[in-house]
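Descriptive structure summary
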Amino acid sequence: MIQESEIRTVLTEQLHRLRARAKRIDDHQHNRDRELPQDFSELATHRDHDEVVDALDTATRRDIRRIETALRRLEAGIWRTCVRCEGDIEEARLLSIPTVTQCRECAAIADGLQ
Ligand SMILES: [Zn+2]
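From a predicted model like this one, the values you see are computed outputs, not experimental measurements.

Here we come to the domain arrangement of the protein chain. Split by domain assignment, the protein chain resolves into domain 1 (1–78) and domain 2 (80–114). Domain 1 and domain 2 are separated by 24 Å when their C-alpha centres are compared. Between domain 1 and domain 2, the residue contacts involve eleven residues of the former and eleven residues of the latter. Summed over both sides, the interface between domain 1 and domain 2 buries roughly 910 Å², with carbon and sulfur atoms accounting for 58% of that surface. Interface area lost by domain 1 to domain 2 is led by I2, R73 and I78, which between them contribute 52%. Linking domain 1 with domain 2 are one salt bridge, by the criterion used here. E4 is the salt-bridge partner of R80, the closest N and O atoms lying 2.7 Å from each other. Summed over the shared surface of domain 1 and domain 2, the number is six residue pairs in polar contact (both at pLDDT 80 or more). Elements that contribute at least two residues to the side of domain 1 that touches domain 2 include exactly α1 (4–31) and α2 (40–76). Among the elements that make up the side of domain 1 that touches domain 2, the one with the highest residue count is α2 (five residues). A breakdown of the residues in the side of domain 1 that touches domain 2 according to their chemical character gives seven nonpolar, one polar and three charged.

Here we take up the nonpolar core. Counting residues in hydrophobic clusters, the biggest one holds 18 residues, and the most contacted among them are I7, L11, I67, L71, L74, W79 and L94. Those elements that place two or more of their residues in this core are α1 and α2. Taken together, domain 1 (1–78) and domain 2 (80–114) each give at least three residues to this core, which thus spans both.

Now for the pattern of salt bridges. Counting across every chain of the model gives eight salt bridges. Put simply, R61 and D57 hold a salt bridge, and the shortest N to O gap is 2.8 Å. One end of the pair is R61 and the other is D57, both in helix α2 and four residues apart, which spans about a single turn. With relative accessibility at 33%, the residue R61 sits in the partly exposed group. A salt bridge links R80 to E91; the nearest nitrogen and oxygen atoms lie 3.3 Å apart. Here E91 lies in helix α3 (residues 91–96) and R80 lies in the loop between α2 and α3, a separation of eleven residues in the sequence. A residue is classified by how much of its surface remains accessible, and R80, at 17% relative accessible area, is buried. Judged by relative accessible area, E91 falls into the partly exposed class, the value being 32%.

Ideal values for angles at a metal depend on the geometry: 109.5 degrees with four tetrahedral donors, 90 or 180 degrees with six octahedral donors. The zinc ion binds to the protein through C82 (SG), C85 (SG), C103 (SG) and C106 (SG); the donor distances cover 2.3 Å. Around the zinc ion, the four donor atoms sit at angles spanning 102 to 119 degrees, and that spread fits a shape best called tetrahedral. The motif formed by the donor residues of the zinc ion, counted along the single chain, is C-x2-C-x17-C-x2-C. Placement of the pair is C82 in the loop between α2 and α3 and C106 in helix α4 (residues 104–113), with a sequence separation of 24 residues. On the accessibility criterion, C82 (1% relative accessible area) is buried. By relative accessible area, which is 8% here, C106 ends up buried.

Criteria and cut-off values
- Residue numbers restart at each chain and count upward from 1, following the sequence in its written direction.
- For a predicted model such as this one, the threshold for reporting local features is a pLDDT of at least 70, and the threshold for listing and counting side-chain atom pairs is 80 or more; totals across whole chains, interfaces and linings nevertheless cover every residue.
- As a rule here, side-chain values cover all heavy atoms of the structure and leave hydrogens and water aside.
- Marked domain ranges trace back to an automatic or database domain assignment.
- Residue contacts are defined here by distance: any two heavy atoms, one from each residue, within 4.5 Å place the two residues in contact.
- Computed with a 1.4 Å rolling probe, the buried area is the accessible surface lost when two parts are put together, summed over both parts.
- Definition used for salt bridges: Asp or Glu carboxyl oxygen within 4 Å of a side-chain nitrogen of Lys or Arg.
- Distance and chemistry together define a polar contact, namely a pair of N or O atoms within 3.5 Å, with one atom able to donate a hydrogen and the other to accept it when in protein, and with adjacent residues in sequence counting only for side-chain atoms on both sides.
- The helix and strand labels rest on DSSP assignments: H or I over at least four residues marks a helix, E over at least two residues marks a strand, and numbering proceeds from the N terminus.
- Polarity classes work like this: nonpolar for Ala, Val, Leu, Ile, Met, Phe, Trp, Tyr, Cys and Pro, charged for Asp, Glu, Lys and Arg, and polar for all others, with Gly in that last group.
- Throughout this description, the term nonpolar core refers to a set of buried Ala, Val, Leu, Ile, Met, Phe, Trp, Tyr and Cys residues connected via side-chain atoms within 4.5 Å.
- With a 1.4 Å probe rolled over the protein chains alone, any residue whose accessible area is under 20% of its type maximum counts as buried; one over 50% counts as exposed, and the rest are partly exposed.
- Think of the donor list as every N, O and S atom within 2.8 Å of the metal, or within 3.2 Å for Na, K and Ca; water never makes the list, so a site can look incomplete.
- Here a site with four donors is tetrahedral if all angles are between 85 and 135 degrees, and a site with four or six donors is square planar or octahedral if opposite donors are over 155 degrees apart and the other angles are between 65 and 115; anything else gets the irregular label.

Structure, rendered in structure tokens:
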């Protein structure tokens with residue numbers, strides 16, 4: 001049986017790390033327009049870099065939302081409950097991905113619909 005308190009601790013630590021990262025990305029995004037290079041090829045490299053940073057920002061914010069949802073579900077005592085069929089999410093699945101909200105079967109169906 002998974003200890004939910006341990007999961008909560010791990011997720012909370014991850015959330016702090018991700019929020020710190022989101023803040024660093026944010027600072028970076030705010031500063032970048034002030035220090036644009038004059039050289040065109042350097043400017044292109046700069047733009048590529050910006051795209052990478054923007055992608056990282058999107059991924060970080062998505063991860064933050066997933067962890068916040070998992071923590072809310074833990075708090076509400078429904079962390080183990082599938083949002084689609086309301087059955088139990090497999091223990092092994094929760095252990096490997098603590099932020100899942102669907103059981104294996106429902107997730108497979110949802111994937112098939114996409
Ligand atoms: Zn389900």
